[in-house]
Amino acid sequence: MTIAPVDLLNVLHAATLQEIGSEQARLAAEQQLKNWEIQAGFYSLLQDAFIDESLSIEIRWLAIIYFKNGIEKYWRRSAPHAISKEEKNDIRRKIRDTITVTSPQLVAQNALAIAKISRIDFPVEWPSLFSDLVKLANEAHESGNLARLNSILVVLNQIVKVICSTRFGKTRSALQQATPDLVRFIGQWYVTYTNIWMNALATSTNDTNLQSSIGYLSLKICRHLVVEGYEFANRQTEAREFFETASFHLKGFIDAYRKIESSILEQHIKTLGKIFSDLCERQPTAFLLMPQPFEVVAVYMSILESQAEVFHQKQIEGNEFWERLVIRGLLLLRKCIKIAFGDGTVTIKYRTPQDREETKSAINLVKVTLFTDDFAIQVHDILLRSYLRLRPTDLQLWLEEPEQFVYDESQNSWEYQLRPCAERVYVDLLLNFKVLLRPRFLQIFDLLSTTSDQSDDAILAKDAVYCAFSVGANALFDDVKFDSIFTKIFEREVMDSNLSIYPMQRIILRRIAHIISNWVSVNCGPSIRKNIYEVLVKLTDSSDQINDLVVQLSAAAALRCAVDEWDFKFKVFLPFLKLFLDRFLQLMGQVQMIETKLSLLQVISVIVEVADSNIFPFADEIMGILPVLWDQSGEEHMLKGAILQALTNIIRAVGRESSKFHSRYTNLITTISDPTSDMHLYLMEDALELWQVTVEKTPVVTEEILSLLPVLLKSLDQATDNLKIELAILEAYVLLTPAYVVKNYGQVVFSILTSFIGNLKVEANYTVTHIIELFIEAVPMQDYISDFVSTRLLLRMTDAIFDPHESSINVTRFLTIYSRLAILDIQVIIQFIDIYSTQRPSHADGRSYLGLLLDVWTEKIENMGHPRARKLTALALDSFLHSQITNGREEVVSRAEKLARAKEDILAELEGEDVEVSLNLSRTI
């Protein structure tokens with residue numbers, strides 16, 4: 001059925017109604033539009049509606065929205081109900097007309113729709129994409145139709161952005177072919193229209209919105225093309241010219257912004273910065289071989305120097321913009337360091353001798369031209385003096401929101417934060433200019449660490465140096481004796497701290513905690529471990545007013561690092577165990593932020609883990625806070641996960657005493673195991689780990705543990721992604737109370753195990769067969785053998801044994817179960833094989849299934865790696881040879897010599913080895 005244009009317009013009109021009482025008509029119209037989604041011609045008509053300027057903006061906006069969504073769903077040929085080729089051709093022809101639309105709201109949606117088409121059709125179905133758009137743009141430019149040119153560039157920007165995200169294939173090659181002409185044309189428009197609005201800005205003329213928009217869009221397009229459209233941008237004239245222009249403009253725009261803080265200047269400066277940093281990231285050689293690349297670095301260095309003191313004044317307008325610029329400059333500098341000193345974090349590709357020579361030239365250029373000794377010292381000093389130093393805004397946050405301050409400091413988002421970014425650059429300098437900078441730093445460190453000046457400025461300067469010492473652990477450990485420095489300087493500073501005399505001293509205390517965190521696993525000898533714990537005891541003492549919340553939380557994080565590392569000695573830590581736990585549990589009740597509670601809980605959890613059974617005296621107190629913390633956590637699943645991990649560590653540590661705590665948390669496991677629970681997706685793995693430890697560690701069966709068994713079996717029956725650990729939990733239940741499991745859930749358990757046979761990998765199959773073995777070892781045969789048969793467990797195992805495609809390792813595991821059954825009662829095997837023979841067609845080579853079983857059994861002996869499995873096989877073969885039941889069976893008699901030889905070979909091999917075989921005592925072997 002063909003859609004009439006008038007019908008579509010009526011439905012679109014109804015779908016835009018907002019008047020009271022029009023809801024039913026609107027819903028009916030929306031449903032009709034949905035029904036038309038797969039109708040031929042629908043999207044071409046939507047495009048017509050979008051182009052029609054006589055229609056209201058609301059109708060045209062709705063038309064382009066449905067058009068865009070439909071393109072995404074139905075444009076690909078492989079999509080169900082795909083748009084026909086004829087309709088696609090019609091749509092592409094009309095794109096020229098859609099670009100005449102100038103309403104910003106409509107242009108943006110139209111650009112997204114065209115970009116989706118381009119991403120799929122370029123270059124195969126639409127090879128002239130870029131030439132078509134450039135032609136339209138050039139016509140608008142020459143005719144002076146700036147509104148239309150702006151709309152075309154919005155579309156082109158979106159297309160270039162989408163296509164540049166393609167990393168390989170025909171699209172990538174076609175983009176690279178089109179890039180030179182695009183950069184040439186659009187780069188000219190960028191220069192032309194930027195000069196217009198810049199001249200207007202200088203003369204305070206305001207009517208340049210379109211010119212500035214065109215210039216900015218041109219810059220954004222060129223940014224993507226220069227970075228992604230070339231394989232070697234430095235080899236192309238137009239790319240080099242654009243880079244040179246961009247470099248010149250960066251300095252000019254920044255100088256202009258210092259005089260006039262304009263939003264369009266901000267946009268241009270940020271985009272120019274992205275060009276340089278992206279090119280340095282994606283094409284490092286090309287960046288370094290562009291015209292005067294270090295002029296760009298020099299511009300950012302000038303900002304770094306000019307803003308160094310400004311950032312340490314009280315908050316002023318415009319700081320955020322300048323801060324982002326400084327971060328951009330630091331990131332660019334760090335990338336240059338990585339290129340120059342090649343630590344593997346920057347990859348420079350080369351495929352030809354020319355590539356190799358260019359790379360060598362670029363690396364030599366950056367080393368010789370940029371990273372001179374004077375430059376390295378300049379950057380080192382300015383970072384140490386200004387950018388590693390706490391700012392007034394930092395101190396204000398410390399005082400007003402201490403938990404937020406600690407949380408922000410702990411985040412690994414250094415690429416977006418000024419001081420952490422400066423720290424990374426500083427460490428890179430220390431690592432790569434060892435001979436030049438480390439003696440310089442250590443001289444400054446010696447001077448400030450021993451100063452008696454306790455003014456605010458001196459303390460902030462000392463904190464910056466201590467910060468450098470902390471983050472530079474990996475660069476400095478060869479040159480310093482940390483143990484000596486700790487006892488002579490840091491420990492003394494902590495022990496002598498006094499709030500009434502030196503109120504700013506808490507800044508140094510917090511920094512010393514950070515130094516412990518960073519150095520304890522790098523270069524910290526066993527002789528000062530006790531000193532470290534004593535210092536942290538002092539820093540976590542809340543009765544000392546100098547230890548505010550920031551200091552205490554920093555000390556808690558330091559303790560976690562001190563105990564969670566390979567050289568940790570619990571004997572040294574034991575005298576401090578109770579004190580630290582008491583303080584952290586108390587602190588847990590004082591903090592408010594979920595993130596703070598999480599970090600403290602992680603510290604407690606690590607202490608529990610390393611304390612092991614020594615934690616028992618404190619277990620009740622820790623268990624007491626966890627339910628409260630759980631209730632407070634709300635929807636914070638990360639905190640809930642940490643609580644479950646802490647519970648797991650406690651149960652594992654207290655071991656045989658864990659049963660007293662079962663009633664406190666088993667209901668949580670039940671709730672989390674429910675697939676309909678919100679917590680199931682996020683916390684199931686943590687809950688299963690807790691569950692497994694609970695069953696494994698308890699020495700007695702409790703009602704709480706038994707109540708969880710049906711939950712486990714239900715989950716196993718659903719074959720979830722957690723099958724491995726669920727099988728391990730079932731194994732633990734069977735070890736704990738096998739008779740109970742068989743009596744109450746035998747049919748269910750064996751049915752589940754039966755469903756797994758033949759469908760599991762070797763590791764999981766081992767667990768399944770081991771569970772079956774445990775039943776055989778621990779429970780009298782009469783309690784389970786009927787379930788083995790009724791659930792078809794033996795049938796599935798036998799099919800797997802005879803399956804030539806089954807893994808040999810799995811087959812040997814099934815044969816081990818057969819061995820145990822044969823040792824207990826050979827008649828069970830004989831009777832079952834006789835029944836099996838009636839249910840399966842005769843074997844292809846005429847052998848009986850009993851004979852086939854014995855043949856497979858002897859063949860697989862070589863695949864039995866464990867001596868216990870081989871000894872069980874020998875005992876089973878002996879049962880076949882000497883049982884009255886098998887005396888008259890031709891299959892056994894004809895193979896008696898082979899079976900006896902196999903048995904003797906095994907026993908001879910195992911002679912002198914102490915191989916214990918656990919068997920059910922209901923029959924004496």
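Heads up: the structure comes first, above all this text.
Small disclaimer: the values here were computed from a predicted structure and weren't measured. (Residues numbered from 1 in each chain as written. Predicted model: local features only at pLDDT ≥ 70, side-chain atom pairs only at ≥ 80, totals over all residues. Heavy atoms only, no water.)

Caption draft 1: A look at the overall build of the protein. Secondary structure assignment for the protein yields 46 helices and zero strands. By the compact-globule yardstick of 29 Å for 925 residues, the protein is too spread out, its C-alpha radius of gyration being 38 Å. Principal-axis analysis of the C-alpha atoms places the extent of the protein at approximately 115 × 90 × 70 Å. Expressed as a percentage of the 925 residues in the protein, the buried residues total 55%. Here the protein displays about 41,900 Å² of accessible surface, and carbon together with sulfur accounts for 50% of that area. (Helix = DSSP H or I, 4+ residues; strand = E, 2+ residues; numbered from the N terminus. Rg over C-alpha atoms; globule rule 2.2 N^0.38 Å. Buried < 20%, exposed > 50% of the residue type's maximum accessible area, 1.4 Å probe, protein only. Areas by Shrake-Rupley, 256 points an atom, 1.4 Å probe, with all protein chains shown as cover.)

Caption draft 2: Inspection of the state of the cysteines at higher detail. Scanning the entire structure with this criterion turns up zero disulfides. No disulfide involves Cys 280; its nearest neighbouring cysteine sulfur is the one of Cys 336, lying 4.5 Å away. Looking at the unpaired Cys 421, the closest cysteine sulfur is the one in Cys 467, lying at 13 Å. (Disulfide = S-S within 2.5 Å.)

Caption draft 3: View of the layout of surface pockets. Considering only enclosed or pocket space, the largest pocket measures out at about 1,200 Å³ in volume. Lining the largest pocket are 40 residues, and of these Glu 409, Ser 410, Gln 411, His 514 and Asn 518 lie nearest its centre. Counting only elements with at least two residues in the lining of the largest pocket, the list comes to helix H19 (402-410), helix H20 (418-432), helix H22 (456-471), helix H23 (473-476), helix H25 (505-519), helix H27 (549-563) and helix H30 (594-611). A class-by-class count of the residues in the lining of the largest pocket yields 18 nonpolar, 13 polar and nine charged. (1 Å grid on protein atoms, 1.4 Å probe; cavity = no way out; pocket = protein on both sides within 12 Å on 5 of 7 lines; lining within 4 Å. Points joined across faces, edges and corners; volume = space filled by probe spheres on them. Nonpolar A, V, L, I, M, F, W, Y, C, P; charged D, E, K, R; others polar.)

Caption draft 4: A look at helix H46 (residues 896-910). With 15 residues, H46 extends 21 Å from end C-alpha to end C-alpha; this agrees with the ideal 21 Å at 1.5 Å per step. Where H46 is buried, its residues meet helix H43 (849-859), helix H44 (867-882) and helix H45 (890-893). (Expected span 1.5 Å × (residues − 1). Contact = heavy atoms within 4.5 Å.)

Caption draft 5: The nonpolar core, seen in detail. Membership of the largest hydrophobic core comes to 338 residues, with the highest contact counts inside it found for Phe 130, Phe 441, Phe 469 and Phe 490. Top element by residues in this core is helix H15 (residues 319-341). It accounts for 13 residues. Not counting residues within four places of it along the chain, the set of residues in contact with Phe 490 comprises Phe 445, Tyr 466, Phe 469, Phe 482, Ile 485, Ile 512 and Ile 515. (Core = buried A, V, L, I, M, F, W, Y, C linked by side-chain atoms within 4.5 Å.)

Caption draft 6: Spatial organisation of helix H8 (residues 146-164). Over its 19 residues, H8 extends 26 Å from the first C-alpha to the last, a length consistent with the 27 Å expected when each residue adds 1.5 Å. When you tally the buried positions in H8, you get 15 out of 19 residues, the bulk of the element.

Caption draft 7: Looking closely at empty space enclosed by the protein. For the coordinates displayed, the defined rule picks out four cavities of 30 Å³ or more. If you list the elements that add at least two residues to the lining of the largest cavity, you get helix H14 (293-307) and H15. Tallied by class, the residues present in the lining of the largest cavity amount to seven nonpolar, one polar and no charged. Here the second largest cavity is characterised by a volume of approximately 40 Å³. Elements represented by at least two residues in the lining of the second largest cavity include exactly helix H17 (373-387) and H20. Residue composition of the lining of the second largest cavity, grouped by class: two nonpolar, two polar and four charged.

Caption draft 8: Region of the structure containing the environment of Arg 26. Checked against the element boundaries, Arg 26 lands in helix H2 (residues 23-36). Arg 26 sits in the buried class, given a relative accessible area of 19%. Along the primary structure Arg 26 and Ala 14 are separated by twelve residues, whereas in three dimensions their C-alpha atoms are 5.4 Å apart. Arg 26 has contacts with Ala 14, Ala 15, Leu 17 and Gln 18, leaving out every residue within four places of it along the chain. Of note is the side chain of Arg 26, whose polar atom sits 3.0 Å from the backbone oxygen of Leu 17. (Polar contact = N/O pair within 3.5 Å; in protein donor to acceptor, adjacent residues only side chain to side chain.)

Caption draft 9: Molecular detail of the pattern of salt bridges. Within the structure shown, the criterion is met by 53 salt bridges. Arg 235 is paired through a salt bridge with Asp 355; the nearest N and O atoms lie 2.5 Å apart. Taken together, the residues Arg 235 in the loop between helix H10 (209-228) and helix H11 (237-259) and Asp 355 in helix H16 (residues 353-370) connect sequence positions 120 residues apart. Its relative accessible area of 4% is what places Asp 355 among the buried residues. Between Arg 583 and Asp 541 there is a salt bridge, with its nearest N and O atoms 4.0 Å apart. Within this pair, whereas Arg 583 is found in helix H29 (residues 577-588), its partner Asp 541 is found in the loop between helix H26 (529-539) and H27, the two being separated by 42 residues in sequence. Arg 583 sits in the buried class, given a relative accessible area of 17%. Judged by relative accessible area, which is 22%, Asp 541 ranks as partly exposed. Via salt bridges that share partners, Asp 48, Asp 90, Arg 93 and Lys 94 belong to a single interconnected network. (Salt bridge = Lys/Arg side-chain N within 4 Å of Asp/Glu carboxyl O.)

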